[in-house]
Amino acid sequence: MHIIALYLSVVNALIKKINKLEKVALLLEPGKDTRKSWHKQVSEIAENFLDKLENGKAYDQDSSHINLLKQPFTEEGMLSSKIFGDIVNYVDKPGINPASGGHLGYIPGGGLYASALADYWVNVTNRYAGISFANPGAVKIENELIRWMIRLVGYPETAWGNLASGGSIANLIAIVAAREAKGITPENIRKSVIYVSKQTHHSVEKAFRIAGLQYAITRTLPLDEKLKIDPVRFEEIAEDDKKQGLIPFLMVSTAGTTDAGVIDPIDVLSEICSRYAIWHHVDAAYGGFFLLAKSLSSSLEAINKSDSVVLDPHKGLFLPYGLGVVLVKSRTHLKNAFHYEANYMQDATEVETEISPAEVSPELTKHFRGLRMWLPLRLHGIKAFRSALEEKCLLTRYFYEKISKLNRFETFGKPELTVVMFRYIPVSHDPNAFNQLLADEIHRDGRIFISTTTINDVHWLRVAILVFRTHLKTIDLTLQLLAEKVILVENKISGC
Ligand SMILES: *Cc1c(COP(=O)(O)O)cnc(C)c1O
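Fair warning: this is a prediction, and the values are worked out from it, not measured in the lab.

Enquirer: Quick question: what am I supposed to make of the overall build of the protein chain here?
Expert: On a plain count of helices and strands, the protein chain comes out with 17 helices and 13 strands. Projected onto its principal axes, the C-alpha positions of the protein chain cover 100 × 65 × 40 Å. Sorting the 496 residues of the protein chain into buried and exposed places 47% on the buried side. Partitioning the contacts of the protein chain with sequence separation of at least 6, the portion at a separation of at least 24 is 75%. In the structure as shown, the protein chain presents an accessible area of about 25,300 Å², 56% of it carried by carbon and sulfur atoms. Across the protein chain, 57 positive and 56 negative side-chain charges occur, with their mean positions spaced 3 Å apart.

Enquirer: Where do I start with the site of the ligand in this structure?
Expert: Surrounding the ligand, one finds 16 residues, the nearest of these being Ser168, Asp283, Asp312, His314 and Lys315. Side-chain polar atom of His314 to an oxygen atom of the ligand: 2.7 Å apart, as the coordinates give it. For the ligand, whose unbound accessible area comes to 380 Å², protein coverage reaches 86%. Mapped by element, the contributors of at least two residues to the shell around the ligand are helix H6 (167-181) and helix H11 (313-316). Split into classes, the residues belonging to the shell around the ligand amount to three nonpolar, 10 polar and three charged.

Enquirer: What should I look at first to understand the nonpolar core in this one?
Expert: A general tendency of soluble globular proteins is for nonpolar side chains to be buried together. Within the largest apolar cluster, 92 residues are counted, with the highest numbers of intra-cluster contacts made by Phe289, Ile303, Leu327 and Met373. Tallying contributions element by element places helix H5 (residues 136-153) first for this core, with nine residues. Each of two domains, domain 2 (120-382) and domain 3 (383-494), supplies a minimum of three residues to this core. Residues within four places of Phe289 in sequence aside, it is in contact with Trp148, Met149, Leu152, Leu311, Asp312, Pro313, Gly316, Leu317, Met373 and Leu389. Counting residues in each nonpolar core, the second largest holds 24 residues, with Phe399, Tyr400, Phe409 and Leu461 among its members.

Enquirer: Any chance you could explain the packing of helix H16 (residues 431-445) against helix H17 (residues 472-493) here in plain terms?
Expert: Helix-helix packing is described using two parameters, namely the angle between the two axes and the distance between the axes. Look at H16 against H17: their axes get within 9 Å of each other, and the N-to-C directions meet at 120°. Taken together, H16 and H17 sit at an angle that is classed as oblique. The two elements H16 and H17 cross, and the hand of that crossing is right-handed. Residues Phe434, Leu437, Leu438, Glu441, Ile442, Arg444 and Asp445 of H16 form the contact with H17, whose own contacting residues are Leu481, Leu482, Lys485, Val486, Leu488, Val489, Glu490, Lys492 and Ile493. Each residue belonging to the contact of H16 with H17 can be placed in one class, and the counts come to 10 nonpolar, no polar and six charged.

Conventions and cut-offs
- Residues numbered from 1 in each chain as written.
- Predicted model: local features only at pLDDT ≥ 70, side-chain atom pairs only at ≥ 80, totals over all residues.
- Heavy atoms only, no water.
- Helix = DSSP H or I, 4+ residues; strand = E, 2+ residues; numbered from the N terminus.
- Buried < 20%, exposed > 50% of the residue type's maximum accessible area, 1.4 Å probe, protein only.
- Contact = heavy atoms within 4.5 Å.
- Areas by Shrake-Rupley, 256 points an atom, 1.4 Å probe, with all protein chains shown as cover.
- Lys, Arg positive; Asp, Glu negative; His and termini not counted.
- Charge placed at Lys NZ, Arg CZ, Asp CG, Glu CD.
- Near = heavy atom within 4 Å.
- Polar contact = N/O pair within 3.5 Å; in protein donor to acceptor, adjacent residues only side chain to side chain.
- Nonpolar A, V, L, I, M, F, W, Y, C, P; charged D, E, K, R; others polar.
- Core = buried A, V, L, I, M, F, W, Y, C linked by side-chain atoms within 4.5 Å.
- Domains from an automatic or database assignment.
- Axes fitted to C-alpha atoms, helices over the stretch in contact; angles between N-to-C directions.
- Parallel < 35°, antiparallel > 145°, perpendicular 65-115°, else oblique.
- Left-handed = near helix turned anticlockwise from the far one by under 90°.

Below is the structure:
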């Protein structure tokens, strides 16, 4: 009796405490009215943002107030209007605006609205996309996207892939798969050889280090005058390495280099690689989706001869940031590199019918990022993407034709994809310094954003046309601004 009374009082005290905590914890479950109010405010902010895109800035240099975001978190929640206002002012405004059609720097992004809705949906339902058992539908969607891209690049059905968070992680996955497939171990790593070029994206070098491949020999291959890997030299160097008893095992080429937007000779490189049993990885993070553009597909079709490839839907399919794809020709290599066993996963593995993302990537729990790609493809249809990509190619060609005719401007060469490198040759001033001043003036104006790069000590300005909102009038504005700012810089230099 006494024990039962004690037990009851303990339980009652527990219930009292739990009820008290529950009341506060319920703050995490806003009621319908609050949800509607927040949703309405965010919707209005989004609409306002989209309305202003066309005439707003692509780049805002003023980041002087971002320290206001430093306020400490408080025990009590804050008013939504204040928090949302801070995000509008200090996050949405300063820096580069990747959603703007005027963003012509680096390799631009985009931000399809349909993807934003998909992310909203996915986050409300919070489906678990790591393992097919947990959400067969989500995994099915991701796997169907992988199958679609396998067909797009022309890989066989034995291929497989993964929707990763971006091109860098996708490159890492491919490189780890190559390392495992080629049996690189601590015993042979110092004799193993990797081939890259000076134009290889830095995420690849980073991936080598993460994958422990910094102890291998890395050869930076010579480039031709168009900044493409020279296949003849590659073969000579690989042959030489082999003769010396080294183990050539990995070559990374690029389909759409980040600087110059050129495509390495993938076809010939693949042939050489297969002769030397070298894994050929093509980094097509930027250029891959131009396979959808009929005018370009022939220059990219040799990707199907590679062993692995990376494509970035958050570049070439205009998605908001957060989706890069790796495809590996032989799914066995992908599975060998990333398989795992865990006791607590036993329910999951027994009923698998589809390959689960967790089996072929470093991630277990993952964002169901497939829906942000699936939804726009379904809602808009492939034709919309194909046309947008073709349009960007022609806009690039248009810019190239026009800038080549502008007085004292020169280009690096005819664009292969959607990048043009160009510069102004001033009458007397140092060209490198002048072009930096020109870029600075364009940035100060902010209506468009361009980036710069240095190749063999020459400072180039570059436009990269890949935002789906970039259209003919954006390019005309760019040409107009360049002409205006050249005069401004000339006047500044001569002290007028
Ligand atoms: C953008 C890019 C990457 C890196 O991809 P992220 O999505 O930025 O991680 C790698 N390679 C090339 C060629 C790229 O253009």
